[in-house]
Amino acid sequence: MDAEPTHTAALLVNRRGQYLLHLRDAHKPIFDPGAWSLPGGAMEGDETPEECVARELMEEAGIVVDGLVRFTVIDNTLVFLGSWDGDPSRLAVTEGIMLAFFDLATTAHLTMAPWAAEVLARHRADGTAVPLPPRRHGAGAVPNVVGVHLYLERDGRILLGLRHPDSVFAPLEHHFLAGHCERESAVACLIREAREEAGLLIEPEDVEFVHAIHLIHTQGTRPRLQLVFRARKWEGEPSVLEPDKCVGWDWWPLDALPEPLVPYTRAALDGIRAGRPYTELGWE
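Residues numbered from 1 in each chain as written. Predicted model: local features only at pLDDT ≥ 70, side-chain atom pairs only at ≥ 80, totals over all residues. Heavy atoms only, no water.

I tried to follow the overall build of the protein on my own but got confused; where do I start?
Along the protein, the regular secondary structure elements total five helices and 16 strands. Once the C-alpha set of the protein is aligned to its principal axes, its extents read approximately 70 × 45 × 35 Å. When the 284 residues of the protein are sorted by exposure, 46% land in the buried category. Considering only contacts in the protein between residues 6 or more positions apart, those separated by 24 or more positions represent 69%. Carbon and sulfur atoms make up 54% of the accessible area of the protein, which totals about 14,700 Å². (Helix = DSSP H or I, 4+ residues; strand = E, 2+ residues; numbered from the N terminus. Buried < 20%, exposed > 50% of the residue type's maximum accessible area, 1.4 Å probe, protein only. Contact = heavy atoms within 4.5 Å. Areas by Shrake-Rupley, 256 points an atom, 1.4 Å probe, with all protein chains shown as cover.)

Sorry, what's going on with helix α1 (residues 49-61) here?
Because the α-helix completes a turn every 3.6 residues, residues three or four places apart line up on one side. Under the 1.5 Å per step criterion, the end-to-end length of α1 is 18 Å for 13 residues, consistent within 8% with the ideal 18 Å. The positive-phi residue at the C-terminal boundary of α1 is Gly-62, with phi of around 70°. (Expected span 1.5 Å × (residues − 1).)

Explain the sheet that holds strand β12 (residues 177-180) to me, please; I cannot follow it from the model alone.
In any sheet, the strands associate via hydrogen bonds between backbone groups, in a parallel or an antiparallel arrangement. Here five strands make up an open sheet; going across it, the order is β12-β8-β14-β13-β16 and the pairing mixed. The two strands at the open ends of the sheet, each matched to only one other strand, are β12 and β16 (278-281). Between one strand and the next, the sheet's axes are offset by a mean angle of 25°, whatever the strand orientation. Bridge analysis of strand β13 (residues 207-215) against strand β14 (residues 224-231) gives eight bridges, and the strand direction is antiparallel. Note that in β14 the partner of Val-207 across the bridge is Ala-231. Packing of helix α4 (residues 186-198) onto the sheet brings it into contact with β8 (145-151), β12, β13 and β14, and relative to β12 it is tilted by some 125°. Here helix α5 (residues 263-274) sits on the sheet and contacts β8, β13, β14 and β16; the angle it forms with β13, its principal contact strand, is near 130°. (Pairing = 2+ DSSP bridges. Axes fitted to C-alpha atoms, helices over the stretch in contact; angles between N-to-C directions.)

Mind showing me how you'd approach the packing of aromatic side chains here?
For any pair of aromatic rings, geometry is given as the distance between the ring centres together with the angle between the planes. Evaluation of the coordinates by the stated rule reveals five aromatic pairs. Taking the centre distance of 6.0 Å and the plane angle of 20° together, the rings of Trp-234 and Trp-251 count as stacked. Residue Trp-234 is located in the loop between β14 and β15 (246-253), and its partner Trp-251 is located in strand β15; the two are separated by 17 residues in the primary sequence. (Phe/Tyr/Trp six-rings, centres within 6.5 Å; stacked < 30°, edge-to-face > 60°.)

Looking at this structure, how should I read unusual backbone geometry?
A cis amide bond, omega -10°, links Glu-259 with the succeeding residue Pro-260. Secondary-structure assignment places Pro-260 in the loop between β15 and α5. Non-glycine residue Asp-155 carries a positive phi angle of around 55°. Mapped onto the elements of the fold, Asp-155 is located in the loop between β9 (153-154) and β10 (157-163). Of the residues examined, Asp-155 reaches a relative accessible area of 74% and is grouped as exposed.

What's the story with the pairing of β8 in this structure? I'm lost.
Note on strand geometry: in a regular strand, side chains alternate between the two faces of the sheet. With six of seven residues buried, β8 is to be regarded as a mostly interior element. In the sheet, β8 pairs with β14 via seven bridges, with the strands oriented parallel. Each residue of the ladder has a partner; that of Leu-150, found in β14, is Phe-229. Sheet analysis places β8 next to β12, joined by four bridges and oriented antiparallel. From the neighbouring strand, Leu-150 faces β12, where its bridge partner is Leu-177.

Sorry, what's going on with the side chain of Thr-107 here?
Tracing the chain through its elements places Thr-107 in helix α2 (residues 104-107). When residues no more than four places from it in sequence are discounted, the contact partners of Thr-107 are Leu-21, Phe-102, Met-112 and Leu-120.

Looking at this model, I keep getting lost on helix α3 (residues 114-126). Mind explaining?
Between its first and last C-alpha atoms α3 spans 18 Å; for 13 residues at 1.5 Å apiece the expected length is 18 Å, and the two agree. If you check which residues of α3 are buried, you get Trp-115, Ala-116, Val-119, Leu-120 and His-123. What you see down the axis of α3 is that its buried residues fit within an arc of 145°, all on one side. Opposite its buried face, α3 presents the exposed residues Pro-114 and Ala-125, each directed more than 90 degrees away. With its phi angle positive at about 65°, Gly-127 sits one or two positions after the end of α3. (Arc of directions from axis to C-beta.)

Printed below as a string of structure tokens:
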């Protein structure tokens, strides 16, 4: 009996029949170093293959693909097939070097991971049609990432953290204490992140909503709804408990904010000061 796949990958094809390939780091102890491969990775916990491939595409490239179908299994990797017509040069790649589209003839001149080259050969050999995203109410709709952010003000100063220089997002920029909602309410997420990142204890009844920003960083990436909550009171002094994310917490005067500051953080602060509850950024 064949072993169950432990990894997933995505074979993404654009309308010109080109394949989206991922250039791996050359000098790291990883699979396929320095080779062009397919985006993907190992399954975590009890997630399904569908959940895994969706997570990997988001983590590595910030993209969402609807309508992925199971295509083939090779070397304990379940490969999904789908269609994507975005511009890879505009992706915020967080793992590896870059992503790019190539036609099949060009791939013959690339340093390809052998298993990935075999996947492309199988696709061309059996002529499997690339599935189109399913049509449904709101066709083309994309789930949004929900982030929560803590606005703390004390004596006319607000709390901001300086992000780690190796952070995937906004290295060496100042930002709210923040996190992504998991299987929890936004307020529960805020309370958890405040405790885990800075050792601050906040009660739900002391939290109030103050601003929302709906943004998109670049076209083709997943939209994000950023919710900002004020804590009217809390216990503790901010400490650096996740040094791989934040290197320091400081209180800054509202009229002398630090530089560089994450752009949507500044927009939220401007909105809060003006009494506006909502801002949009990056939409064309």
